[in-house]
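The residues making up each chain are set out below.
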Amino acid sequence: MTALDEELVVVARSTTLEPPLDRGTERVAHLRAVTLAALAEAASFRGAKLGPLEKDERDAPRPSGGWHWSISHTSQGALGLAVASVSRSPVGVDAEVVGRGRPELALHVLSPAERALLATLNEAAAFARAWTAKEAVLKKLGLGLMALSELRLEDAAGDQGVLLRGDTRHAVEWLSVPPFVLAVAGKARERVDWRVDPRLRAGEHDERRRGRSRS
Ligand SMILES: CC(C)(COP(=O)(O)OP(=O)(O)OC[C@H]1O[C@@H](n2cnc3c(N)ncnc32)[C@H](O)[C@@H]1OP(=O)(O)O)[C@@H](O)C(=O)NCCC(=O)NCCS
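Computed from a predicted model, the values in this text were never measured in an experiment. (Residues numbered from 1 in each chain as written. Predicted model: local features only at pLDDT ≥ 70, side-chain atom pairs only at ≥ 80, totals over all residues.)

Within the chain, the secondary structure is distributed over 6 helices and 9 strands. Expected size for 215 residues packed as a compact globule is a radius of gyration near 17 Å; at 16 Å, the chain falls within 12% of this value. Seen through its C-alpha atoms, the chain measures out along the principal axes to roughly 45 × 45 × 35 Å. Per-residue burial for the chain yields a buried fraction of 42% across its 215 residues. Taking contacts inside the chain between residues at least 6 apart in sequence as the whole, the part at least 24 apart equals 61%. (Helix = DSSP H or I, 4+ residues; strand = E, 2+ residues; numbered from the N terminus. Rg over C-alpha atoms; globule rule 2.2 N^0.38 Å. Buried ≥ 20, exposed ≤ 12 C-beta atoms within 10 Å, placed from the backbone. Contact = placed C-beta atoms within 7 Å.)

Strand pairing in a sheet takes place through backbone hydrogen bonds and is either antiparallel or parallel in direction. Sheet architecture is open: 5 strands sit in the order S4-S8-S7-S6-S5, paired in antiparallel fashion. At either margin of the open sheet sits one strand with a lone partner, and together these are strand S4 (92–97) and strand S5 (151–157). Adjacent strand axes in the sheet meet at a mean angle of 25°, parallel and antiparallel pairs treated alike. Relative to strand S8 (residues 180–185), S4 is paired through 6 bridges, and the arrangement is antiparallel. What sits directly across from Ala95, in S8, is Leu182. Along the sheet, helix H4 (residues 123–140) contacts S4, S5, strand S6 (160–165), strand S7 (168–177) and S8; its crossing angle with S4, the most-contacted strand, is approximately 150°. (Pairing = 2+ DSSP bridges. Axes fitted to C-alpha atoms, helices over the stretch in contact; angles between N-to-C directions.)

A separate point is the confidence of the model for the chain. For the chain, mean pLDDT is 90; residues scoring 70 or higher make up 91% of the total. Every residue in residues 206–215 scores below 50 in pLDDT, and together they form 25 contacts with partners more than four places removed in sequence or on other chains. (pLDDT = per-residue confidence, 0-100.)

This brings us to the site of the ligand. Taken together, 17 residues surround the ligand, and among them Asp59, Ala60, Ser72, Gly144 and Leu145 come closest. Elements represented by at least two residues in the shell around the ligand include exactly strand S2 (68–76) and H4. Counted by class, the shell around the ligand contains 6 nonpolar, 4 polar and 7 charged residues. (Near = placed C-beta within 6 Å. Nonpolar A, V, L, I, M, F, W, Y, C, P; charged D, E, K, R; others polar.)

Below, the discussion takes up helix H1 (residues 24–46). Compared with the 33 Å implied by 1.5 Å per residue over 23 residues, the 33 Å span of H1 between its first and last C-alpha is a close match. Along H1, the residues classified as buried are His30, Val34, Thr35, Ala38, Leu39, Ala42, Ala43 and Arg46. Contacts from the buried residues of H1 go to strand S1 (7–16), S2 and strand S3 (79–87). Two residues or fewer after H1 comes Gly47, characterised by a positive phi angle close to 70°. (Expected span 1.5 Å × (residues − 1).)

A few words on the nonpolar core. Side chains of a nonpolar character, in soluble globular proteins, are inclined to be buried together. With 56 residues, the main nonpolar core has Val83, Ala84, Val172, Leu182 and Val184 as its most contacted residues. When residues of this core are assigned to their parent elements, the largest contribution, 10 residues, is made by H4. With sequence-adjacent residues up to four places away left out, Val172 is seen in contact with Ala133, Ala136, Val137, Gly161, Leu163, Ala183, Val184 and Ala185. (Core = buried A, V, L, I, M, F, W, Y, C linked by C-beta atoms within 7 Å.)

Taking 1.5 Å per residue as the helical rise, H4 with its 18 residues ought to reach 26 Å, and the 26 Å between its terminal C-alpha atoms agrees with that figure. Taking burial as the measure, the 18 residues of H4 include 16 buried ones, the bulk of the element. Taken from the residues just after H4, Gly142 is the one with a positive phi, measuring 75°.

Residue Pro20 is bonded to the preceding Pro19 through a cis peptide linkage, with omega at 5°. You can see Pro20 is positioned in the loop between S1 and H1. Look at the link from Pro178 to Pro179: it is a cis peptide, with omega at 10°. The phi dihedral of Asp59 falls on the positive side, at around 80°, and the residue is not glycine. Within the secondary structure layout, Asp59 lies in the loop between H1 and S2.

See below:
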């Protein structure tokens, strides 16, 4: 196994969703195109040659050319975000806007015990971390939201967490790029190489960030 095999590459790209890309099918098509570009970039970093991108009956990506892949896309106002990873082993990525609640799922996402593990964060940031971590693991396993309540956050320290499903532990790593939080689930002990669009890191979107809590 080479050193690179121990490294999980995650690419995050931003995009501007201004008219006519701000709504409806144009918005979806644009975000999808940016996501595919992020996926191609992740494949290139890994030296992966992906074949056709197919999904199974649960919508989970099928391995392509021997590589596992995962994508996520979201947006806040005019700021769109696309995240992708390509790996030799199963991988799941998720990105969400901090502060965008899902009240109907609240109990499954963040129990009081899980909240205690994220005690240093405010409520919105803690919810976003638990939610993205669980979605990343569900995607890694090819499961849908139906399995959400099977996952439990067992440990969290800084940007690293551990989720439990049955007897199996799943490592996750987070990255905070306000107004978003990203999570990736791969193999345990993999170093995560976050390749984030400088615009996201540089806070060009400070205006949108103002007044929001940071995670
Ligand atoms: C996985 C899921 C929670 C992600 O939803 P989301 O946070 O709104 O969206 P994201 O942008 O983060 O992720 C979307 C991507 O996740 C991937 N994905 C969807 N379902 C997946 C699954 N079961 N496993 C792994 N990845 C999945 C797809 O690549 C999808 O991209 P696409 O919409 O461009 O095709 C949600 O799509 C889901 O629950 N899907 C399962 C549906 C299901 O169980 N269907 C059963 C039909 S029998």
